[in-house]
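The residues making up each chain are set out below.
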Amino acid sequence: MVRVLIVEDQKIMQKYFEYILIQDPEFRHVQTISDAREAVKICDYSVIDLVIMDVQTFHNHDGLSAGKMIREKYPYTKVLVVTSLIDPKVLERAKSGCADSLWYKDHGEEDIRSVIYRTLNGERVFPDITPKVELNWITSGDISPRQLEMLRLYIHGMSYSEIARKMDCSTSGVRWNFQEMIAKAGYSCKEDLIAAALESKLIVTTLK
């Protein structure tokens, strides 16, 4: 019997994961909750074999941080992160110890089911790259990882000069990279680029 905890704050996704579980009599659905912080507490007093974990949960609580705590305290518990956030940092953090596997919500039911079984069998399953999103004239794949990091740091409140020091380049180089991103995407200003990056979940700033 595989005891499963679902951590998801969207009602429709809660029902979706519950539907997947009832298809297999080997699964026992222990509980569905909306807050990642509660997941750690439940694992403290219940034996859980698999946690299906969202990243951005109730009150923007961070499912990756909760996943890391669960994996460290209870190595026998598998953590499968299923998310709609395409921020490359999410995938990077998941691979670094916050999850046993990660997959994306927009993939089909059979894909998710396969990842569940593979994870329970001890396999670490991660996509090679994050999905691409449209940013006006381009996709996110047309922005280099270095440019994306500059954009991320700026959104987090750093000035061009602070970004330059952190990334070991010149302030004019940072300015040039922003101008190139804006021009390639066909935006009229930096604010439009930032708004698109946040709205598409290419960069996530709300996790707590």
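Residue positions within a chain follow its written sequence, with the count starting from 1. It should be noted that, the model being predicted, local features are given only for residues of pLDDT at least 70 and side-chain atom pairs only at 80 or more, the latter also being counted only at that level, while totals for whole chains, interfaces and linings use all residues. Think of the side-chain values as coming from all heavy atoms in the structure, minus any hydrogens and water.

S.K.: Looking at this structure, how should I read the overall build of the protein?
M.R.: Looking only at helices and strands, one finds nine helices and seven strands in the protein. Expressed as lengths along the three principal axes of its C-alpha atoms, the size of the protein is roughly 60 × 30 × 30 Å. The buried share among the 208 residues of the protein stands at 48%. Surface exposure here means Shrake-Rupley accessible area, sampled with a 1.4 Å probe, where a residue is shielded only by the protein chains that are shown. Total accessible area on the protein is roughly 10,400 Å²; 51% of this is exposed by carbon and sulfur atoms. Here the protein carries 27 positive and 30 negative side-chain charges, and the mean point of each set is 5 Å from the other. The secondary structure listing takes helices from DSSP runs of H or I that are at least 4 residues long and strands from runs of E that are at least 2 residues long, numbered from the N terminus. Relative accessibility under 20% of the residue-type maximum defines a buried residue, over 50% an exposed one, and the middle range a partly exposed one, all with a 1.4 Å probe and only protein chains included. A positive count includes Lys and Arg, and a negative count includes Asp and Glu. His and the chain ends are not counted in either. For the purpose of locating charges, the reference atoms are NZ of Lys, CZ of Arg, CG of Asp and CD of Glu.

S.K.: Honestly, the pairing of strand 3 (residues 50-53) in this entry has me stumped. Any pointers?
M.R.: For a regular strand, side chains alternate in direction, first toward one face of the sheet and then toward the other. Burial along strand 3 is two-sided: L50 and I52 and V51 and M53, pointing in opposite directions, are all buried. By this definition, two strands are paired if DSSP reports at least two bridges between them. Inspection of the sheet shows strand 1 (residues 2-7) paired to strand 3 by four bridges, in the parallel sense. What sits directly across from V4, in strand 3, is L50. In this sheet, strand 4 (residues 78-83) lies alongside strand 3 in parallel orientation, the contact comprising four bridges. Bridge assignment links L50 to a residue of strand 4, and that residue is K78. This β-α-β element, strand 3 to helix 3 (residues 63-73) to strand 4, shows right-handed connectivity. Orient the strands so they point away from the viewer; a crossover is then right-handed if the path from the first strand over the helix to the second runs clockwise.

S.K.: Would you mind going over the nonpolar core with me for this structure?
M.R.: Considering soluble globular proteins, one finds that nonpolar side chains tend to be buried as a cluster. Judged by nonpolar contacts, the single largest core of 28 residues is most densely connected at L5, V7, V51, M53, I70, V81 and L102. Put simply, the parts of the chain that give this core at least two residues each are strand 1, helix 2 (36-45), strand 3, helix 3, strand 4, helix 4 (88-98) and strand 5 (101-104). Sorting elements by how many residues they give to this core places helix 2 first, with five residues. Residue contacts are counted whenever heavy atoms from the two residues lie within 4.5 Å of one another. Look past the residues within four positions of L102 in its chain and what remains in contact with it is L80, V81, T83, V90, L91, A94, V125, F126 and P127. Judged by nonpolar contacts, the second largest core, of 25 residues, contains I143, Y187, L202 and I203. To qualify as a nonpolar core, a set must consist of buried Ala, Val, Leu, Ile, Met, Phe, Trp, Tyr and Cys residues joined through side-chain atoms within 4.5 Å.

S.K.: Where do I start with the side chain of K190 in this structure?
M.R.: You can see K190 is positioned in helix 9 (residues 190-199). By definition here, a salt bridge exists when the distance from a side-chain nitrogen of Lys or Arg to a carboxyl oxygen of Asp or Glu is within 4 Å. No salt bridge is formed by the buried K190, whose closest oppositely charged neighbour, E191, lies at an N-O distance of 4.8 Å. Once you skip the residues sitting within four places of it in the chain, K190 turns out to touch Y154, Y160, F178 and I182.

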